[in-house]
Amino acid sequence: MSFLSVLFLCCTLPCTMQAQERARPQSGEGVSTFLQRLGYTSNASRKEFLQLNKGKFTADGGLILGYAYRLPSGKNQKRRESRNTSLNEPLFGAAYRNVRVSSHELNGACIYLVSGHGGPDPGAIGKVGNRELHEDEYAYDIILRLGRALMQKDAKVHLIIQDEKDGIRDDSYLNNSNDETCLGNPIPLDQTARLQQRCDGINRLMYKDKEKYKRAIFIHVDSRGSKYQVDVFFYHAPGSRLGKRLAENIHKTFEKKYDTHQPNRGFKGTVSERNLYVLKKANPVAAFLELGNIQNERDRKRLIIPSNRQALADWICQGIVADFKSR
């Protein structure tokens, strides 16, 4: 090798090192969530990251907000490619089946989504004129929207209740049917058998899933006297610290959204523990949501207007993101 070639290499090597990619952490992120958001999930990447940035952490090993951290090598190309990943989920329907992964905020999360009732059981029934509004149809549409929002953030999603005919629907009044299944199996009419079936399905999937963050979301619609307007309220299993945290993170997201969109109204939804069958029998940490009173005219707008159903799904998704980041 000539002297000029050696000189050229010596001059360019430091520039290459200086050009190494960097990124700044977001508020509330630890090392794991920071790396996961950026697509680095292996132990080797974590070790390299810690070595590259030695001496640039807080006393307890946390990240310094505002500091641009050097990123590990060898994963960047894969990470760029994965930003353009498109998934296909036929259950979302023809208009929504293609899902583009737009971020990696939930990489490493596995979410089990369950809409209430279904099959031979429509759940709560409300009426508008001659139309019957069935709880299971509206809960299912919202759960599909939530599943899609979670997938866009790179979460693994299991839709426990499924209807091959009904995808995401942008109608105000959703047609009623009894086509829903539990992971492809007919849903029994008996309440205990029905609830046990979906818990068994979740638990079988959970046994196989390797993700460390596993959460279940149960969505229902309440039925009370027509005069009672209620905000979305949340349940968690008795004594479940992580279930309470999950419910509270979603609740806080709703509070913030109401402060932004209806600042003079306030949000009166509550978080409490309740000894519900699915919260006892399903193994993942879980939150159970009641989205409103189907008998109340104002609450029905939360369900009937498609953009409101999407907002509910998006806010729940953001609450899950907040919970994932708070690990």
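Read on for an overview of the structure. (Residues numbered from 1 in each chain as written. Predicted model: local features only at pLDDT ≥ 70, side-chain atom pairs only at ≥ 80, totals over all residues. Heavy atoms only, no water.)

Attention shifts here to the sheet that holds strand β8 (residues 156–159). Ordered by their spatial adjacency, six strands build an open sheet running β8-β5-β12-β15-β13-β14, and the pairing between neighbours is mixed. In this open sheet, the two edge strands, each paired with only one partner strand, are β8 and β14 (271–273). Averaged over all pairs of adjacent strands, the angle between their axes in this sheet comes to 25°, without regard to strand direction. In the sheet, strand β5 (residues 109–115) pairs with strand β12 (residues 213–222) via seven bridges, with the strands oriented parallel. Its bridge partner lying in β12, Y112 is registered against A216. (Pairing = 2+ DSSP bridges. Helix = DSSP H or I, 4+ residues; strand = E, 2+ residues; numbered from the N terminus. Axes fitted to C-alpha atoms, helices over the stretch in contact; angles between N-to-C directions.)

With that out of the way, let us pick up the packing of aromatic side chains. Under the defined criterion, the tally for this structure stands at 15 aromatic pairs. A centroid spacing of 5.6 Å and a plane angle of 25° characterise the contact between F57 and Y69, whose relative ring orientation is stacked. Here the residue F57 occupies a position in the loop between α3 (43–52) and β2 (69–70), and Y69 occupies one in strand β2, the gap between them amounting to 12 residues. For Y69, a relative accessible area of 0% translates into the label buried. Ring centres of F254 and W315 lie 5.4 Å apart, and the angle between their planes is 90°; on these two criteria the pair is classed as edge-to-face. Of the two residues, F254 sits in helix α7 (residues 241–261) while W315 sits in helix α10 (residues 306–325), which places them 61 residues apart along the sequence. An identical accessibility class is assigned to F254 and W315; each is buried. Among the aromatic residues, those joined into a ring-pair cluster are F34, F49, F57, Y67 and Y69. Over the ring of Y213 we find R215, and its NZ or CZ is 4.0 Å from the ring centre. Directly above the aromatic system of F324 lies the positively charged group of R327, at a separation of 3.8 Å from the ring centroid. (Phe/Tyr/Trp six-rings, centres within 6.5 Å; stacked < 30°, edge-to-face > 60°. Buried < 20%, exposed > 50% of the residue type's maximum accessible area, 1.4 Å probe, protein only. Lys NZ or Arg CZ within 6 Å of the ring centre and 35° of its normal.)

The subject of this paragraph is the pairing of strand β7 (residues 131–134). Both strand β6 (residues 125–128) and β7 contribute to a ladder of four bridges, which runs antiparallel. Residue pairing for β7: I125 is matched across the bridge by H134. The loop that links β6 with its antiparallel partner β7 comprises two residues; one of these, G129, has a positive phi angle of about 65°.

Counting 50 residues, the largest nonpolar core has L146, L150, I217, F254 and I320 as the members making the most contacts within it. No other element matches the 10 residues that helix α5 (residues 135–152) contributes to this core. Ignoring sequence-local partners within four residues, the contact set of I320 consists of L106, I111, L146, L150, Y213, I217, L246 and I250. One finds Y112, I161, Y235 and V278 within the second-largest nonpolar core, a separate group that totals 22 residues. (Core = buried A, V, L, I, M, F, W, Y, C linked by side-chain atoms within 4.5 Å. Contact = heavy atoms within 4.5 Å.)

Take the side chain of N53 next. Structurally, N53 can be placed in the loop between α3 and β2. Since its relative accessible area comes to 1%, N53 is described here as buried. A polar contact of 2.9 Å, which involves the side chain of N53, links it to the backbone oxygen of F49. Apart from the residues within four sequence positions on either side, N53 is in contact with Y67, Y69 and R70. (Polar contact = N/O pair within 3.5 Å; in protein donor to acceptor, adjacent residues only side chain to side chain.)

As a further point, take the pattern of salt bridges. Counted by the stated rule, this structure contains 16 salt bridges. The salt bridge involving R145 is made with D170; its shortest N-O contact spans 2.9 Å. Of this pair, R145 sits in helix α5 while D170 sits in the loop between β9 (161–162) and β10 (181–182), and the two are 25 residues apart along the sequence. Between D299 and R302 there is a salt bridge; the shortest N-O distance is 3.2 Å. Of this pair, D299 and R302 both sit in helix α9 (residues 297–304), three residues apart, which is roughly one turn of that helix. Exposure class is identical for D299 and R302. Each is buried. Residues joined in a network through salt bridges with shared partners are D141, R145, D170 and R309. (Salt bridge = Lys/Arg side-chain N within 4 Å of Asp/Glu carboxyl O.)

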